[in-house]
Amino acid sequence: MSASDHQSLVEAARRARENAVAKFSKFKVGAALETPDGTIITGCNVENATYGLTICAERVAMFKALSEGHRAFSRVAIVADTEDPTPPCGACRQILWEFGGDLEVILANVKRETGRHQLKDLLPLPFDNRLL
Ligand code: THU
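Throughout what follows, the structure given in this document is the object of discussion. These numbers were taken from a predicted model, which means no experiment stands behind them. (Residues numbered from 1 in each chain as written. Predicted model: local features only at pLDDT ≥ 70, side-chain atom pairs only at ≥ 80, totals over all residues. Heavy atoms only, no water.)

Residue placement: aspartate 84 occurs in the loop between strand S3 (75-80) and helix H3 (90-100). A relative accessible area of 57% places aspartate 84 in the exposed class. Sequence spacing of aspartate 84 and glycine 115 is 31 residues, and the spatial spacing of their C-alpha atoms is 9.2 Å. (Helix = DSSP H or I, 4+ residues; strand = E, 2+ residues; numbered from the N terminus. Buried < 20%, exposed > 50% of the residue type's maximum accessible area, 1.4 Å probe, protein only.)

Bringing the packing of helix H2 (residues 57-67) against H3 into the picture now. In contact at an axis separation of 9 Å, H2 and H3 are set at 25° when each is read in the N-to-C sense. Our classification of the angle between H2 and H3 gives roughly parallel. In this structure, H2 crosses over H3, and the sense of that crossing is left-handed. The segment H2 lies against H3, with Glu58, Arg59, Met62, Phe63 and Leu66 engaging Ala91, Cys92, Ile95, Leu96, Phe99 and Gly100. Classifying every residue of the contact of H2 with H3 by side-chain character gives 8 nonpolar, 1 polar and 2 charged. (Axes fitted to C-alpha atoms, helices over the stretch in contact; angles between N-to-C directions. Parallel < 35°, antiparallel > 145°, perpendicular 65-115°, else oblique. Left-handed = near helix turned anticlockwise from the far one by under 90°. Contact = heavy atoms within 4.5 Å. Nonpolar A, V, L, I, M, F, W, Y, C, P; charged D, E, K, R; others polar.)

For the rest of this paragraph, the subject is H3. Those residues of H3 that fall on the buried side of the exposure criterion are Cys92, Arg93, Ile95, Leu96, Trp97 and Gly100. Tucked inside the fold, the buried residues of H3 contact H2, S3 and helix H4 (119-122). Positive backbone phi, at 70°, marks glycine 101, one or two positions downstream of H3.

Strand order in this open sheet of 5 strands is S2-S1-S3-S4-S5, and the pairing throughout is mixed. This sheet does not close on itself; its edge strands, each paired only once, are strand S2 (40-44) and strand S5 (113-118). Sheet twist, expressed as the average angle between the axes of neighbouring strands with direction ignored, equals 15°. In terms of strand pairing, strand S4 (residues 104-108) meets S5 through 5 bridges, oriented antiparallel. From the neighbouring strand, leucine 107 faces S5, where its bridge partner is glycine 115. (Pairing = 2+ DSSP bridges.)

Printed below as a string of structure tokens:
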């Protein structure tokens, strides 16, 4: 897919980022997941006073999507306001893999795309239900 095809997904992640609850880190992240029929489900990071119960934007998006009945996904866009790409953390890679499979992962900041990856390359040798 071309950069312009990704634009609406990236824009959705940028808008979601504005809702981030990140008063501790001040590091706001937005994520937008797309289903095969083009539905977009977004999430932002949510921090709280315990710090440890923080949940990343990617997992919020995925858990929202699952709770709304979605079960198949094709792409995820992740946006932060940094020059360097903000790739998903290890916990998010696991959850995205288990429920989304080999997603295309589009990384962007508030102005431009910063990277594009397949999730299988970000999570080599994954543990999942095929091994149970
Ligand atoms: N964070 C995300 O939401 N997604 C990422 O991909 C990286 C980190 C959040 C967690 C925490 O609220 C803040 O960014 C700083 O780590």
